[in-house]
Amino acid sequence: IDPISAKEVMVRSFMDGYKEVPLHEMNPDFTTREDMKHFYEDYFDSELSLFHELVWVQAFDGDKLVGWATFLFEEENKAYMNLLVVDPEEQGKGI
């Protein structure tokens, strides 16, 4: 697992997904899109320590990481999808 590429994909995905939402609705402390970017970078870093408990599934186009998901197995034959992110440039392509 490449945490640098995974973080980049997650940040791009979240930033694109919320691009139409006014910053103050996202967080009253956000004054710039850079604030939002730092928030998602920090979120990834804080969650990374928990990822060792999860099953990590990655999607590649050649050598490029284009998406990933994490799953937590709660019971036998039952899993909870913790996160699913796809690079905005790759969304809608059936990854």
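Because the structure is predicted, anything quoted here is derived from the model rather than measured.

K.L.:
For the packing of helix 1 (residues 3–17) against helix 3 (residues 33–48), give the residues involved together with the corresponding values.
P.N.:
With their axes 10 Å apart at the nearest point, helix 1 and helix 3 run at an angle of 135° to one another. It follows that helix 1 is oblique to helix 3 by the angle criterion. Helix 1 and helix 3 meet at a crossing whose hand is right-handed. Where helix 1 approaches helix 3, its residues P3, A6, K7, M10, V11, F14 and M15 are matched on the opposing element by R33, M36, K37, Y40, E41, Y43, F44, D45 and L48.

K.L.:
Explain the nonpolar core to me, and be specific about the residues and the numbers.
P.N.:
Membership of the largest hydrophobic core comes to 18 residues, with the highest contact counts inside it found for M10, Y40, F44, F51 and W68. Per-element accounting of this core gives the leading share, 6 residues, to helix 1. Beyond its immediate stretch of four places on either side in the chain, M10 contacts Y40, Y43, F44, W68 and V85.

K.L.:
Quick one: what's the story with the environment of E89, residue by residue and with numbers?
P.N.:
Among the structural elements, E89 can be located in the segment after strand 3 (78–86). Remark: the alpha-carbon pair of E89 and R12, spanning 77 residues in sequence, is separated by 9.3 Å.

K.L.:
Tell me about the sheet that holds strand 3, and name the residues and values.
P.N.:
If you walk across this open sheet you meet the 3 strands as 1-2-3, and the pairing is antiparallel. Lying at the two open borders of the sheet, with one neighbouring strand each, are strand 1 (55–61) and strand 3. Across the sheet, the mean angle from the axis of one strand to that of its neighbour is 20°, orientation sign disregarded. Sheet analysis places strand 1 next to strand 2 (residues 64–75), joined by 7 bridges and oriented antiparallel. Across the sheet, residue V57 finds its bridge partner in strand 2, namely A69. Docked against the sheet, helix 1 engages strand 1, strand 2 and strand 3, running at close to 90° with respect to strand 2.

How each quantity is defined
- Residues numbered from 1 in each chain as written.
- Predicted model: local features only at pLDDT ≥ 70, side-chain atom pairs only at ≥ 80, totals over all residues.
- Heavy atoms only, no water.
- Axes fitted to C-alpha atoms, helices over the stretch in contact; angles between N-to-C directions.
- Helix = DSSP H or I, 4+ residues; strand = E, 2+ residues; numbered from the N terminus.
- Parallel < 35°, antiparallel > 145°, perpendicular 65-115°, else oblique.
- Left-handed = near helix turned anticlockwise from the far one by under 90°.
- Contact = heavy atoms within 4.5 Å.
- Core = buried A, V, L, I, M, F, W, Y, C linked by side-chain atoms within 4.5 Å.
- Buried < 20%, exposed > 50% of the residue type's maximum accessible area, 1.4 Å probe, protein only.
- Pairing = 2+ DSSP bridges.

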